[in-house]
Amino acid sequence: MTGIIVVFPKADTGKKIKSILVRSGFQVTGICTNGAQAIQEANELQYGVMICSYRLPDMIYRELKEYLPAGFQMVAITSKEDWAENGDPDVVSLSQPLRVHELVSTVEMVSYSVERAKRRRRQQPRKRSDEEQALIDRAKGILMSRNNMTEEEAHRYLQKTSMDNGTSFTETAQMILSMMDM
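The present account deals with the structure reproduced in this document. (Residues numbered from 1 in each chain as written. Predicted model: local features only at pLDDT ≥ 70, side-chain atom pairs only at ≥ 80, totals over all residues. Heavy atoms only, no water.)

**Quick notes on the overall build of the chain**
The helix and strand tally for the chain stands at 8 helices and 5 strands. In the chain, the succession of α and β elements from N to C terminus is β-α-β-α-β-α-β-α-β-α-α-α-α. Its C-alpha atoms give the chain a radius of gyration of 24 Å, clearly above 16 Å, the size a compact globule of 182 residues would have. Considering only C-alpha atoms, the chain reaches an extent of 75 × 30 × 25 Å along its principal axes. Out of the 182 residues in the chain, the part that is buried amounts to 38%. Of the roughly 11100 Å² of accessible surface on the chain, a fraction of 49% belongs to carbon and sulfur atoms. (Helix = DSSP H or I, 4+ residues; strand = E, 2+ residues; numbered from the N terminus. Rg over C-alpha atoms; globule rule 2.2 N^0.38 Å. Buried < 20%, exposed > 50% of the residue type's maximum accessible area, 1.4 Å probe, protein only. Areas by Shrake-Rupley, 256 points an atom, 1.4 Å probe, with all protein chains shown as cover.)

Written as structure tokens, this is what we have:
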């Protein structure tokens with residue numbers, strides 16, 4: 001579930017919004033009263049939705065957006081006039097006075113977008129460092145020379161062993177090297 005951070009200068013306003021969201025089934029992980037607190041909370045989560053007012057005691061929403069981790073989406077609650085003057089196309093805006101159904105449906109839509117982006121990032125293969133790749137290549141080389149395997153067979157062996165043991169590919173290569181170098 002996507003974590004939500006609520007940021008308003010008045011803690012009471014943040015608590016009211018949290019209450020609405022929690023009753024609607026969302027997980028609010030924090031209520032902050034300034035941008036610095038919000039950035040700290042966001043860095044701990046890495047993914048989520050930030051709901052904030054246009055102006056905070058230490059910054060405006062646009063400055064806050066610059067410091068958020070890439071996995072965060074922002075919903076700014078502001079007057080139509082402020083948004084018309086300084087709106088940001090990458091930020092979802094809700095105008096005041098705030099309507100509960102608009103807040104809930106907007107947070108639902110933005111949360112879905114964050115979850116989808118999170119899944120896409122997870123599905124991308126992790127890039128191995130040069131050291132990790134060298135370790136894997138050495139393990140394959142040992143398997144190929146000592147067990148008369150082709151490179152493809154050595155790769156499959158490492159892959160299967162990794163899956164069977166619940167270890168990463170690199171950890172499995174390290175285990176093979178430590179066993180074979182005895």
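That was the structure; now back to the text.
**Digging into the pattern of salt bridges**
The final tally for this structure, using the stated rule, is 6 salt bridges. A salt bridge links Arg55 to Asp82, with the nearest nitrogen and oxygen atoms 3.8 Å apart. Here Arg55, found in the loop between β3 (47-53) and α3 (61-67), pairs with Asp82, found in helix α4 (residues 80-86); they are 27 residues apart in sequence, far enough to count as distant. Linking Glu102 and Arg99 is a salt bridge whose minimum nitrogen-to-oxygen distance equals 3.7 Å. Note on Arg99: relative accessible area 42%, which makes it partly exposed. (Salt bridge = Lys/Arg side-chain N within 4 Å of Asp/Glu carboxyl O.)

**Observations regarding the sheet that holds strand β2 (residues 27-32)**
What the 5 strands build is an open sheet, ordered β2-β1-β3-β4-β5; its pairing is parallel. Two strands close off the open sheet at either side, each with one partner strand: β2 and β5 (92-95). When the angles between neighbouring strand axes are averaged without regard to direction, this sheet yields 20°. When β3 meets strand β4 (residues 71-78), the two strands line up parallel, connected through 7 bridges. Within β4, the residue paired with Cys52 across the bridge is Ala76. Across the sheet, helix α1 (residues 11-23) is in contact with β1 (3-7), β2, β3 and β4; its angle to β2 comes to roughly 175°. Across the sheet, helix α5 (residues 100-123) lies against β1, β3, β4 and β5, angled at about 150° from β3, the strand it touches most. (Pairing = 2+ DSSP bridges. Axes fitted to C-alpha atoms, helices over the stretch in contact; angles between N-to-C directions. Contact = heavy atoms within 4.5 Å.)

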